[in-house]
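If you want the building blocks of each chain, they are given just below.
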Amino acid sequence: MIQMTDKEFENFCRVMQENYGIDLKKKRVLIEYRMIAEVKKRGMHSFQEFLDAMVKDESKELQYTMINQLTTNYTYFCREMAHYHYIETDVLPNLDKDLNELRILVAGCSSGQECYTLLMMLEEYRLLHVLPSIAMVGCDINNAV
Ligand SMILES: C[S@@+](CC[C@H](N)C(=O)[O-])C[C@H]1O[C@@H](n2cnc3c(N)ncnc32)[C@H](O)[C@@H]1O
């Protein structure tokens, strides 16, 4: 039976924090649960074997596997509406009147449900107010979403 050692846990946390800014120090069970299948699938005998192979893997396949396993891509339409209300009541009325394009970056957008919610909200706002054209980019470190 393969179990994650303290050292292996620390190594996963360090790689995720230093390279991607993701703090998993309180997520030991999550790391073990999500990575074990990847370790076994490759016929490896320890988590460290995966980490060592990942460092040498020029294709970056193992790196993306780890990122995809260890990110949580929780997202849904109309999630946490208070944020959209804040944009509607505090941000949009104070936009520079001369702005000819509103450019929005949605960082860490998962599969984009919040992007679409925001666009729908903006288009609804446009029915009653003047808004410049909108350009939106959503991005995510997880290449599966
Ligand atoms: C919990 S989801 C939230 C998605 C949702 N759009 C929201 O804002 O509520 C967090 C997302 O951020 C992504 N993420 C985490 N670190 C990232 C980074 N350094 N660069 C880009 N995306 C990142 C994850 O892959 C995950 O899909």
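The structure displayed is predicted, hence computed values, not measured ones.

Criteria and thresholds
- Residues numbered from 1 in each chain as written.
- Predicted model: local features only at pLDDT ≥ 70, side-chain atom pairs only at ≥ 80, totals over all residues.
- Heavy atoms only, no water.
- Helix = DSSP H or I, 4+ residues; strand = E, 2+ residues; numbered from the N terminus.
- Rg over C-alpha atoms; globule rule 2.2 N^0.38 Å.
- Buried < 20%, exposed > 50% of the residue type's maximum accessible area, 1.4 Å probe, protein only.
- Contact = heavy atoms within 4.5 Å.
- Lys, Arg positive; Asp, Glu negative; His and termini not counted.
- Charge placed at Lys NZ, Arg CZ, Asp CG, Glu CD.
- Patch = residues over 30% accessible without salt bridge, like charges linked within 9 Å, V, L, I, M, F, W, Y side chains within 5 Å.
- Areas by Shrake-Rupley, 256 points an atom, 1.4 Å probe, with all protein chains shown as cover.
- Salt bridge = Lys/Arg side-chain N within 4 Å of Asp/Glu carboxyl O.

**Here we look at the overall build of the chain**
- Helix and strand counts for the chain stand at six helices and two strands.
- Start at the N end of the chain and walk to the C end: the helices and strands fall as α-α-α-α-α-β-α-β.
- Taking 2.2 N^0.38 as the reference for a compact globule, 145 residues should give roughly 15 Å; the C-alpha atoms of the chain span a radius of gyration of 20 Å, well beyond that estimate.
- Seen along its three principal axes, the alpha-carbon backbone of the chain occupies a region of about 60 × 30 × 25 Å.
- The buried share of the chain, reckoned over its 145 residues, is 33%.
- Partitioning the intrachain contacts of the chain with sequence separation of at least 6 by distance along the chain shows that 67% fall at a separation of at least 24.
- Treating the 16 positive side-chain charges of the chain as one cloud and the 22 negative ones as another, the clouds have centres 5 Å apart.

**Some points on helix 4 (residues 61–70)**
- Of all the positions in helix 4, only Leu62, Thr65, Met66, Ile67 and Leu70 are classed as buried.
- Here the buried face of helix 4 lies against helix 1 (6–20), helix 2 (28–41) and helix 3 (47–56).

**Here we look at a nonpolar patch on the surface**
- Together, Phe77, Tyr116 and Met120 make up an exposed nonpolar region whose accessible area comes to about 350 Å².
- Assignment of secondary structure puts Tyr116 in helix 6 (residues 113–126).

**Here's the deal with the pattern of salt bridges**
- One pass over the full model with this rule turns up nine salt bridges.
- Close ionic contact of Glu61 with Arg42 constitutes a salt bridge, the shortest N to O distance being 2.8 Å. Of this pair, Glu61 sits in helix 4 while Arg42 sits in the loop between helix 2 and helix 3, placing them 19 residues apart in sequence.
- By relative accessible area, Arg42 is classed as partly exposed at 25%.
- Among the ionic contacts, a cluster of salt bridges with common partners joins Glu38, Lys41, Arg42 and Glu61.

Keep in mind that these numbers describe shape and distance, not what the molecule does.
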